[in-house]
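Residue-level listing of the chains:
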Amino acid sequence: MKEPRPTSTTRGFSRAATLMQGKVRKASEDRGFAVTRLLTHWSEVVGQATAAIATPVNVSYGKGGMGATLTLLTTGAQAPMLEMQKEQIREKVNACYGYRAISRVRITQTAPTGFAEGRVAFGHAPKVRKTPDPAVQMAAKALSEKVENEKLRAALTALGANVLTKQNSHQR
């Protein structure tokens, strides 16, 4: 007797990860990454500090097939730091593959395919908010103290502090 088919909770829909898995694998294998986990979990494989300054670009296999070369993309200022970490990076990546797949790590400041493709994403420094001088803040507060609405008074105080700060910097 045939068992009844269990009812599906997906109702004919598929997970996005399942739909994209084949395409991601093909695109990464074209660039030499047999294990896509190296790309998708780069920061977990090598650590946050290394992942912030380098990104994997290519894995190329030599003619003999004995070990591959992992190419990392970085900026000029970070290249010496990565150069010192090459052996640790190679060990961590081989641990990801599960065998000695990578025999060399090469560091480049441009992608091997040219300048247009391999660009490093530069992080921006966090913005630092300057607080006005306490004397300027008191003067701005004195100018807006007669306003009854609390929100409007706070906005006018902040505006007054900005204006007074700019006036003071231009007079110097």
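Residues numbered from 1 in each chain as written. Predicted model: local features only at pLDDT ≥ 70, side-chain atom pairs only at ≥ 80, totals over all residues. Heavy atoms only, no water.

1. Points about the pattern of salt bridges
Inspection of every chain in the model, using the stated rule, returns 2 salt bridges. Notably, a salt bridge pairs K86 with E83, separated by 3.0 Å at the nearest N-O pair. On the criterion of helical spacing, the pair formed by K86 and E83 is a turn pair, its members being 3 residues apart in helix α5 (residues 79-97). The class of K86 is partly exposed, set by a relative accessible area of 24%. With its nearest N and O atoms 2.4 Å apart, the salt bridge here joins E87 to R90. (Salt bridge = Lys/Arg side-chain N within 4 Å of Asp/Glu carboxyl O. Helix = DSSP H or I, 4+ residues; strand = E, 2+ residues; numbered from the N terminus. Buried < 20%, exposed > 50% of the residue type's maximum accessible area, 1.4 Å probe, protein only.)

2. Concerning the sheet that holds strand β1 (residues 54-61)
Whether parallel or antiparallel, the strands of a sheet pair through hydrogen bonds between backbone atoms. The 3 strands are arranged β1-β2-β3 in an open sheet whose pairing can be described as mixed. Every interior strand has two partners, whereas the edge strands, β1 and β3 (102-108), have only one. Ignoring strand direction, the axes of neighbouring strands in this sheet form an average angle of 25 degrees. (Pairing = 2+ DSSP bridges. Axes fitted to C-alpha atoms, helices over the stretch in contact; angles between N-to-C directions.)

On their own, these measurements won't tell you what the molecule is for.
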